[in-house]
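Breakdown of the fold
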Amino acid sequence: MAEILKSWQKLISRRKIINRQILQFALEDIFKQDIKPNQRRILCIKIYKQTLDNAFLEVKQRFMANQNGALAVAGNCFIIDQLLRVIYHMASRYLYPAANPTTSERICFTAVGGYGRGVLAPHSDVDILFLHDYKQAPRIEQLVEETLYTMWDLGLKVGYSTRSIDDCIRLAKQDNTIATSILEARYICGEATLFDKLRKKFIKQIVDGKAKEFMQLKLAERDQRHQRMGDSRYVLEPNIKDGKGGLRDLHTLYWVAKFLYLVQDISQLVSMGKLTKKEANNFTKAQGFLWTLRCHLHYLTNRPEERLSFDVQPELAMLMGYKDHVGSLGVERFMKHYFLIAKEVGDLTRIFCAAFEANAQRRKLLHIPFRIFRKNIDGFSIDDDRLNINSKKHFHDTPVDMLRIFLIAQESGLEIHPFAMQSVTRNLKYITKKLRIDFQANRIFRKILCSNDDPEINLRHMNECGLLGRFVPEFGRVVAQMQYDMYHVYTTDEHTIRAIGLLNRIENGLLKKDHPVASKIIGKVLSRRVLYFAVFLHDIAKGRGGDHSVLGAKIAEKLCPNFGMNDEQTETVAWLIKNHLIMSNTAFKRDLDDPRTIEKFVEQVKSPERLRLLLCLTVADIRAVGPNVWNGWKATLLRDLYNHTQDYMSGGLASEGQTEMQERAKVNLRQALNDNGWAQDDIETHIARGRGSYFLSYDVDNMVRHAEFIHNAELEKQQLSIKLSQMEGSQASDLMIYTADHPGLFSRLSGAVALSGGTIMTAKIHTLSSGMALDRFIIQDAKGGAFIKKSKIKKLHDNIKKIMAGEIKPLEEFENKALTAASSIRKYREIFKVKPRVLIDNNASNTYTVIEVNGRDRLGLLFLLTICLTRLGLTIAKAKISTFGEQVVDVFYVKNVFGLKIDHIDKMNEIDKSLLAILSKENKVNKR
């Protein structure tokens with residue numbers, strides 16, 4: 001038996017792909033041997049397996065060489081076709097022969113699903129319909145079982161059904177999915193007359209007269225699928241099969257085309273006048289790219305994976321030849337190409353729908369003696385309650401109307417007919433340089449962008465059909481532009497359009513609860529045009545290399561005059577773009593209670609109008625980054641910065657020096673404690689505990705809370721007092737700790753918070769004159785919310801007590817968690833590279849040196865950084881912690897052992913080197 005197998009394996013291995021005759025000859029030779037049935041089956045399976053492995057390997061090798069996914073999926077399909085034909089031949093001739101089979105004994109092997117279309121990804125299921133006539137004989141069941149058991153033994157995943165012709169028609173009438181599978185069914189082997197009979201019945205009973213109904217059902221299925229997948233092409237980790245702009249959208253177009261026109265290939269629609277040759281080529285090009293990508297994805301993951309997750313994107317980019325260039329990563333260019341293909345699929349969908357609908361409309365007209373049209377609107381006809389054009393040459397003759405039809409749609413509340421959208425896409429070449437500077441064209445665009453009605457919908461449609469990027473080529477450069485990180489959820493163009501939509505909803509009072517300050521002040525903005533164009537252009541220079549804020553400001557200076565802005569408006573737009581990150585950077589990275597922070601911010605902003613514009617732009621920008629980026633804590637910080645800056649500009653803060661502010665704070669605190677029933681001696685004792693910086697750090701309400709907390713701790717003589725409360729109007733918790741001060745206290749407490757699943761957003765550390773420490777932390781849980789669950793609160797309390805008592809060593813706990821944790825967030829964070837950076841600034845504060853640390857986030861990083869600063873002899877007074885996806889930005893306000901700023905160059909270098917070592921994971925902190 002071994003010799004037989006060896007000889008046939010040698011013969012089979014000489015051939016490329018698969019040769020049905022040789023395989024069949026090899027199996028027939030085995031059946032001629034005097035071998036027991038079970039041994040014969042083992043031999044046959046081994047030969048099948050050897051043949052299949054060689055064939056699939058050959059397809060893979062050819063694919064890796066030619067990068068042609070369309071050929072690869074066709075090759076895999078060919079292999080299965082040949083395999084099934086051999087299985088059927090062997091089963092029908094040698095295992096279950098019938099010299100003259102009756103009608104009920106005849107069977108047809110039919111490919112359905114993707115296999116029916118003649119394509120098969122490396123790890124996709126093989127979908128088979130075993131077709132018979134009205135009645136099923138035992139022989140059919142035997143042939144089906146033999147086929148399935150053989151394929152299962154070969155490790156193939158098979159989806160199958162056994163049905164009569166009448167069953168297929170009956171079920172197709174009830175289920176559109178089954179109708180679709182029969183629509184793309186393909187004959188493989190067996191009784192061909194059965195297949196022909198099914199096709200004729202299907203066309204007569206299912207297809208004829210039901211084209212529009214089928215199209216509507218398939219497009220509704222597509223819309224439902226899009227909703228399940230996030231309803232956006234521009235998601236972080238797109239599904240290339242079922243996501244918007246993926247292969248399934250192309251399949252939908254193919255199904256509808258086949259149902260309406262009974263074509264076997266999209267190219268046939270060109271000769272029928274339904275598509276241009278270019279559009280058909282674009283279909284083939286998009287499908288080829290997606291098939292190549294899908295094959296790489298299956299081969300890379302060794303499973304039927306359809307999602308472009310972060311961990312595979314870089315390797316896929318490399319496999320498909322995208323290399324890093326100056327200013328852009330290969331993976332970013334690869335994903336941009338993917339998103340452009342997904343957008344192309346959207347263009348094709350609109351074009352196809354126009355052709356399909358026109359076909360259905362013509363059929364409808366055959367049964368209607370006359371049509372009633374509504375009155376035209378500004379030169380556009382109303383067709384089925386949608387704006388349309390009267391001739392194919394409309395946009396050729398009047399290119400500006402490609403913009404105007406969107407304005408009319410916005411003002412009238414009507415949708416644009418697919419035929420008109422198709423015509424826009426086909427006539428984009430008439431958007432010329434001359435039209436881009438045309439006064440009327442820019443006035444129309446200005447009205448669309450700055451409309452009181454939601455401009456987001458129209459801008460998205462303009463972008464998807466290519467008009468927006470054609471009219472503003474600088475915007476066209478950021479279409480499908482992505483940033484390879486965990487913070488930016490959408491491509492640059494999608495982010496920008498979402499930001500404009502959010503700005504409009506803020507202006508219309510629809511987001512008062514989320515953004516009360518922005519909703520209030522946006523009505524006071526002197527120029528809506530400036531604000532809307534600043535949002536539209538704020539990321540226009542992404543992907544060009546260099547500082548996109550600076551480059552974007554220069555682009556704005558060039559574009560704004562074309563958009564109809566005067567010099568003052570142009571200057572303001574350019575300033576907003578150049579400085580659109582300073583408000584968030586100041587709010588999230590600097591101590592807002594430090595007067596110097598507000599002074600520097602005012603020096604940059606200069607006027608209340610720019611402050612209002614900047615806040616509205618900042619809110620829209622952050623909110624549009626992604627669904628989970630905005631939270632109550634960020635809202636609180638931006639609101640505080642706005643209010644502090646407004647007070648300063650009106651003279652409230654600037655008129656007082658620090659000493660006067662401290663004394664005023666003490667007077668207010670004395671009065672508040674007196675109102676709360678405190679004895680005068682207790683009031684003075686408590687005020688004597690505080691040092692100057694403390695009274696500048698909090699408002700009177702917070703200081704009263706601290707006083708009550710400390711007073712109770714002293715009465716109960718507690719060595720460690722902890723109080724956790726939820727902050728009003730913020731998705732964060734306020735953690736207060738009162739204990740004896742000692743070096744490394746902040747490090748231990750930050751370790752306890754991290755081990756409890758929390759994140760420190762802000763920390764303020766005050767050493768009182770009594771030697772006790774009052775530390776206040778603003779913390780959130782892993783989901784960006786407050787600590788509410790009792791179990792989480794208890795865990796936090798327990799961890800603080802155990803770490804302070806030395807029962808837990810944070811570093812060891814972090815190392816153990818790092819080894820055992822399988823968090824997807826942590827796994828993804830390991831994928832991204834963040835260049836570590838340390839900035840030491842002596843100008844950001846009058847009394848502290850500010851150290852800003854940038855690096856990749858990881859468990860226990862804050863603990864390691866703070867313990868490092870402590871060992872360097874620095875005292876941490878305040879900290880601001882921000883996380884942007886995988887990147888962390890930690891800011892520490894520190895003094896040296898003498899209570900002064902760090903101004904010695906050698907010490908600065910030592911701090912820089914030590915912190916960089918930790919960020920690079922090179923520094924091993926002693927476990928003590």
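Described below are features of the structure shown in this document. (Residues numbered from 1 in each chain as written. Predicted model: local features only at pLDDT ≥ 70, side-chain atom pairs only at ≥ 80, totals over all residues. Heavy atoms only, no water.)

1. A word on the sheet that holds strand β4 (residues 186-190)
On the basis of which strands lie adjacent, the open sheet formed by four strands has the order β3-β2-β1-β4 and mixed pairing. At either margin of the open sheet sits one strand with a lone partner, and together these are β3 (158-164) and β4. Across the sheet, the mean angle from the axis of one strand to that of its neighbour is 25 degrees, orientation sign disregarded. Alignment of strand β1 (residues 108-111) against β4, held across four bridges, turns out to be antiparallel. (Pairing = 2+ DSSP bridges. Helix = DSSP H or I, 4+ residues; strand = E, 2+ residues; numbered from the N terminus. Axes fitted to C-alpha atoms, helices over the stretch in contact; angles between N-to-C directions.)

2. Brief notes about the pattern of salt bridges
Scanning the model with the defined rule gives 39 salt bridges in all. In this structure, K589 engages E852 in a salt bridge whose closest nitrogen and oxygen atoms are separated by 3.8 Å. Of the two residues, K589 sits in helix α29 (residues 582-589) while E852 sits in strand β13 (residues 849-856), which places them 263 residues apart along the sequence. The burial state of K589 is the same as that of E852; both residues are buried. Within this structure, E456, R460, E494, R498 and R505 form a network of salt bridges that share partners. (Salt bridge = Lys/Arg side-chain N within 4 Å of Asp/Glu carboxyl O. Buried < 20%, exposed > 50% of the residue type's maximum accessible area, 1.4 Å probe, protein only.)

3. Concerning the packing of aromatic side chains
One pass over the full model with this rule turns up 20 aromatic pairs. With centroids separated by 5.6 Å and ring planes inclined at 40 degrees, the aromatic side chains of F445 and F563 adopt a geometry described as tilted. Highlighted residues: F445 in helix α20 (residues 439-449) and F563 in the loop between α27 (548-559) and α28 (567-578), separated in sequence by 118 residues. A relative accessible area of 0% means that F445 is categorised as buried. On the basis of an interplanar angle of 15 degrees and a centroid distance of 5.2 Å, the ring pair of F475 and F536 is categorised as stacked. Of this pair, F475 sits in helix α23 (residues 473-476) while F536 sits in helix α26 (residues 528-537), and the two are 61 residues apart along the sequence. Comparing F475 with F536 shows no difference in burial state: the two are buried. Within the aromatic cluster, the residues linked to one another by ring pairs are F445, F471, F475, F533, F536 and F563. The positively charged end of R186 is found above the aromatic ring belonging to Y115, 5.1 Å away from the centroid. (Phe/Tyr/Trp six-rings, centres within 6.5 Å; stacked < 30°, edge-to-face > 60°. Lys NZ or Arg CZ within 6 Å of the ring centre and 35° of its normal.)

4. Let's talk about the nonpolar core
Formed by 227 residues in total, the largest nonpolar core has its most connected members in Y48 and F445. Setting aside anything within four residues of it in sequence, one finds Y48 in contact with L23, L27, L83, V86, I87, M90, T150 and L154. Core analysis: the next-biggest nonpolar cluster, separate from the first, contains 49 residues, V753, L811, V853 and C868 among them. (Core = buried A, V, L, I, M, F, W, Y, C linked by side-chain atoms within 4.5 Å. Contact = heavy atoms within 4.5 Å.)

5. Some words on unusual backbone geometry
Non-glycine residue A480 carries a positive phi angle of around 70 degrees. For A480, the position within the fold is in the loop between α23 and α24 (492-507). Taking the relative accessible area as the measure of exposure, A480 reaches 0% and is therefore buried. Look at K606: it is not a glycine, yet its phi comes out positive at around 75 degrees. Considering the arrangement of structural elements, one finds K606 in the loop between α30 (595-605) and α31 (608-623). What makes K606 exposed here is its relative accessible area of 61%.

6. Observations concerning empty space enclosed by the protein
All told, the structure shown has four cavities of 30 Å³ or more when counted by the stated rule. The calculated volume of the largest cavity comes to roughly 80 Å³. Along its surface, the largest cavity is lined by D514, H515, V517, A518, L615, V619, W630, A635, L638 and R639. A per-element tally of the lining of the largest cavity places helix α32 (residues 632-649) first, with three residues. Its residues assigned to classes, the lining of the largest cavity comprises seven nonpolar, one polar and two charged. (1 Å grid on protein atoms, 1.4 Å probe; cavity = no way out; pocket = protein on both sides within 12 Å on 5 of 7 lines; lining within 4 Å. Points joined across faces, edges and corners; volume = space filled by probe spheres on them. Nonpolar A, V, L, I, M, F, W, Y, C, P; charged D, E, K, R; others polar.)

7. A few points about the side chain of E305
By secondary structure assignment, the location of E305 is in the loop between α13 (277-301) and α14 (313-319). E305 gets classed as buried once you look at its relative accessible area, which sits at 17%. A polar contact is formed between the side chain of E305 and the backbone nitrogen of R307, at a distance of 3.0 Å. Sequence-distant contacts of E305, defined by excluding residues within four places in its chain, comprise L297 and H298. (Polar contact = N/O pair within 3.5 Å; in protein donor to acceptor, adjacent residues only side chain to side chain.)

Scope: geometric values only; no functional claims are made or implied.
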